[in-house]
Amino acid sequence: MGLVGANGAGKSTLIKILLGLIPPTSGTASILGFDCLTEGLQIREAVGYMPESECLPLDISATEFLVHMARMSGLPANSARERTADTLRHVGLYEERYRSIGGYSTGMKQRVKLAQALVHDPKLVFLDEPTNGLDPAGRDEMLELIAKVSANFGIAVVVTSHLLGELERISDHIVVIDGGVLQRSTSTAEATQLSGSLLVEVTDNADAVMERLRERGATVVASGAAGSFAVDLTEASVSDAVVEIVAQLGVGLVRLQRRRHHLAEIFAGEPRVDKRSADEPSADEPTAHEVTE
Amino acid sequence: MTTNSVIHNIGFRHYDGPRLGRGWAFRSLLLETLRGAYGLGRPAKVKIMPWVLVGLITIPALVIVAVVILTKQESLPLSYTSYPIAMYLLVSLFLAGRAPYAVSRDLRDGIMPLYLSRPIKRTDYVYAKFLGLALAVWIYLAAPITVLLIGALLAKFSVGHELLAWLGGMFMAAVLACLVSSIALVLASFTKRRGLGVAAVLATLVLLNGFANILIAVVRMQSSESSGALFAVLDPYLLVDALGAAWLGVVPLNGTVQTDSVLATGVFTVALVVIVAGMLGILLRRFRKVGGV
């Protein structure tokens with residue numbers, strides 16, 4: 001699940017409420033069936049948290065640090081050591097596990113932060129801006145790792161970001177908050193569903209292709225650029241028709257692309273409050289949103 | 001394909017063993033603090049200072065034992081209760097290094113959010129750090145005292161008498177450890193910079209000792225009464241010296257704190273409780289807001 005909001009929107013505050021560290025100013029919250037106000041200890045035993053800030057000791061090794069963190073989560077000494085080795089392998093730090101963290105790159109430190117959130121095998125992890133400070137390649141790696149945590153490890157993930165594109169790639173549900181108020185809660189598929197149009201670009205003779213498509217009853221809209229136009233996807237056969245016509249006319253097909261909405265487009269305009277958020281207790285201060293697996 | 005091929009499962013393994021909860025987490029943090037104080041699980045350069053200091057505080061005890069055995073003395077020249085007081089400078093040095101290591105590092109590296117996301121309460125952190133450091137100091141004092149005991153037994157002193165005196169020494173060492181640890185932790189907890197913490201702890205402990213000694217001496221010059229002994233409350237080492245004399249009836253190292261007054265005993269006892277409780281109160285307040293929550 002992705003949690004989106006601008007800086008200061010209340011993403012981290014929401015996580016802290018859900019971890020049972022601060023009481024909500026109004027409303028109630030529960031995680032995995034535990035009340036955030038009264039059962040913080042049980043929640044924090046079953047949940048992992050990767051903070052946004054720098055939070056690693058620099059003078060000890062990743063292994064030493066993770067064993068300690070696993071024990072702090074309640075794991076017995078032997079299990080803590082086993083799971084530390086396992087977790088470091090999964091985040092790709094196995095080779096470097098005995099080096100002190102001070103010598104790690106930013107990307108490696110982020111992975112140690114992720115590892116400490118996973119080491120006790122939580123049911124749910126909160127990842128607060130996990131791609132912060134990473135270069136594009138590092139971002140991709142981190143996002144892949146997060147997708148793996150969710151898909152292969154079977155751990156529910158709540159990830160926050162102010163970058164919609166990242167969340168679009170890895171989440172199946174998007175929650176948008178601003179000023180502590182829920183703006184929108186929707187599935188990513190719904191948010192980025194097919195807009196029902198097909199972008200076509202041909203090498204030349206675009207007018208003839210458009211003409212033939214119109215003859216077949218398709219709605220064709222020429223776009224500004226030469227040689228490209230959009231076709232409404234009224235039925236699945238439309239794309240076949242495009243290919244057929246292009247072949248008949250012997251022109252080169254440069255592009256045939258389904259057009260998707262990007263989350264950025266959806267949220268670019270006025271923040272919309274959908275039906276579901278209207279049911280939420282809305283207040284000026286952060287309200288808690290129930291998260292279940 | 002052979003039938004006896006093996007599938008190596010390197011996928012994510014879930015943990016379904018016991019989760020030991022808050023008590024275990026508290027113990028783990030306490031133990032981690034204690035291990036850190038002696039540089040265990042840390043790089044070699046962190047180990048140097050504490051172990052040099054362990055050597056320095058134990059060597060005089062070894063010399064005493066050697067002299068006692070070789071010259072066939074009737075008793076130890078320095079009692080079990082006096083030894084830690086006599087070594088106050090080394091004890092202060094040990095604290096100056098260890099107290100900032102216990103808390104300033106966590107503050108500087110921003111580790112609090114990770115601890116807070118574990119199944120412990122905020123106050124647990126303070127108590128675990130305090131007890132961990134106090135235990136480290138107590139072990140630091142116990143080592144030479146026990147060397148003295150072994151020497152006394154080798155010299156064939158009365159076993160019962162020596163054991164009892166040793167237990168008294170261990171008890172007063174524990175009192176001293178709690179007192180100085182609480183003070184040093186408060187000083188160290190107000191800076192993220194370890195160097196500053198080291199200087200603050202050392203300067204405070206040395207200055208307090210000098211200041212209290214001067215006041216006692218001044219009062220003794222003015223009158224023959226022993227009321228000057230009350231100034232022992234200003235310095236942790238003098239206070240523990242005075243408490244040893246008052247509680248256990250042992251001869252104090254510093255004769256000026258000797259007093260027969262029941263009132264003085266009460267004052268010393270109350271001072272101990274007030275200082276330790278007050279310091280812990282300050283620590284709890286200090287850490288109430290740390291961790292960005």
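Residues numbered from 1 in each chain as written. Chains lettered and ligands numbered in written order. Predicted model: local features only at pLDDT ≥ 70, side-chain atom pairs only at ≥ 80, totals over all residues. Heavy atoms only, no water.

J.: Please clarify how the interface of chain B and chain A should be interpreted in this entry.
T.: Contact with chain B, which involves 39 residues of that partner, is made by 39 residues of chain A. Across the chain B to chain A interface the summed buried area is about 3700 Å²; carbon plus sulfur atoms make up 56%. Interface area lost by chain B to chain A is led by Phe12, Arg19 and Arg118 of chain B, which between them contribute 21%. Counting across the chain B and chain A interface gives three salt bridges. For Arg35 of chain B, the salt bridge is made with Glu64 of chain A, and the minimal N-O distance between the two is 2.9 Å. The interface formed by chain B and chain A holds 22 residue pairs in polar contact (both at pLDDT 80 or more) in total. Looking at the side of chain B that touches chain A, the elements with two or more residues in it are helix H1 (21-37), helix H4 (88-109) and helix H5 (112-116) of chain B. (Contact = heavy atoms within 4.5 Å. Buried area = accessible area lost by both parts, 1.4 Å probe. Salt bridge = Lys/Arg side-chain N within 4 Å of Asp/Glu carboxyl O. Polar contact = N/O pair within 3.5 Å; in protein donor to acceptor, adjacent residues only side chain to side chain. Helix = DSSP H or I, 4+ residues; strand = E, 2+ residues; numbered from the N terminus.)

J.: Sorry, what's going on with the side chain of Glu129 of chain A here?
T.: All names here are of chain A. Among the structural elements, Glu129 can be located in the loop between strand E5 (124-128) and helix H6 (136-151). One polar contact links Glu129 to His162, side chain to side chain, over a distance of 3.1 Å. In this structure Glu129 touches Lys11, Glu52, Gln110, Thr160, Ser161 and His162, once residues within four positions along its chain are discounted.

J.: Help me understand the confidence of the model for chain A in this model?
T.: In low-pLDDT regions, the fine details of the predicted coordinates are not to be read closely. In the predicted model, chain A carries a mean pLDDT of 82, and the fraction of residues at 70 or more is 84%. Here residues 269-293 of chain A is modelled with pLDDT under 50, and outside its nearest four sequence neighbours on either side it reaches 51 contacts, counting other chains as well. (pLDDT = per-residue confidence, 0-100.)

J.: Looking at this structure, I do not really get the nonpolar core. What am I missing?
T.: Grouped together as the largest cluster of nonpolar side chains are 128 residues, with contacts concentrated most on Phe65 and Val112 of chain A together with Leu95, Tyr115, Val137, Tyr140 and Phe287 of chain B. For this core, the leading source of residues is helix H6 (residues 122-154) of chain B, giving 15 residues. Not counting residues up to four positions away in its chain, the partners in contact with Tyr140 of chain B are Tyr38, Leu53, Val54, Ile57, Leu90, Val91 and Phe94 of chain B. Within the second largest apolar cluster, 18 residues are counted, among which are Leu19, Ala29, Tyr49 and Val175 of chain A. (Core = buried A, V, L, I, M, F, W, Y, C linked by side-chain atoms within 4.5 Å. Buried < 20%, exposed > 50% of the residue type's maximum accessible area, 1.4 Å probe, protein only.)

J.: How should the packing of H4 of chain B against H6 of chain B be read in this particular structure?
T.: A pair of packed helices is characterised by two quantities: the angle between their axes and the separation of those axes. Residues and elements named next belong to chain B. Packing of H4 against H6 leaves a shortest axis separation of 11 Å and a crossing angle of 155°. By the angle between their directions, the pair H4 and H6 is classed as roughly antiparallel. For the element pair H4 and H6, the recorded crossing hand is right-handed. Residue-level inspection shows Leu90, Val91, Phe94, Leu95, Arg98, Ala99, Ala102, Val103 and Asp106 of H4 in contact with H6, the latter providing Tyr125, Lys129, Leu133, Ala136, Val137, Tyr140 and Leu141. Residues that form the contact of H4 with H6 fall into these classes: 13 nonpolar, no polar and three charged. (Axes fitted to C-alpha atoms, helices over the stretch in contact; angles between N-to-C directions. Parallel < 35°, antiparallel > 145°, perpendicular 65-115°, else oblique. Left-handed = near helix turned anticlockwise from the far one by under 90°. Nonpolar A, V, L, I, M, F, W, Y, C, P; charged D, E, K, R; others polar.)

J.: Quick question: what am I supposed to make of the sheet that holds strand E4 (residues 47-50) of chain A here?
T.: For sheets, the rule is that strands pair by backbone hydrogen bonds, running either parallel or antiparallel. All names here are of chain A. Reading across the sheet, the six strands line up as E4-E5-E6-E1-E7-E8 and stay open at both edges, with mixed pairing between neighbours. A single partner strand is all that each edge strand has here, and the edge strands are E4 and strand E8 (181-187). Geometrically, the sheet is characterised by an average inter-axis angle of 15° between neighbouring strands, direction not taken into account. As paired strands, E5 and strand E6 (residues 156-161) are joined by five bridges and run parallel to one another. What sits directly across from Val125, in E6, is Val157. Most of the contacts of helix H1 (residues 11-18) go to E5, to which it runs at about 155°, and overall it touches strand E1 (2-4), E4, E5, E6 and strand E7 (173-178). (Pairing = 2+ DSSP bridges.)

J.: Would you mind showing me how to read the pattern of salt bridges here?
T.: Side chains carrying opposite charge are able to pair once their charged atoms draw close together. Summed over all chains, the structure comprises 12 salt bridges over all chains. Among the salt bridges present, the one from Arg139 of chain A reaches Glu166 of chain A, with a minimum N-O distance of 2.4 Å. Taken together, the residues span a long stretch of sequence, with Arg139 of chain A in helix H6 and Glu166 of chain A in helix H7 (residues 164-170) at a distance of 27 residues. Here Arg139 of chain A falls in the partly exposed class, since its relative accessible area comes to 21%. One salt bridge connects Asp106 of chain B with Lys129 of chain B, and the closest N-O pair in it is separated by 3.3 Å. One end of the pair, Asp106 of chain B, is in helix H4; the other, Lys129 of chain B, is in helix H6, with 23 residues separating them in the sequence. As far as burial versus exposure is concerned, Asp106 of chain B and Lys129 of chain B are alike and both buried. Salt bridges sharing partners connect three or more residues here, namely Asp86 and Arg89 of chain A together with Arg13 of chain B.

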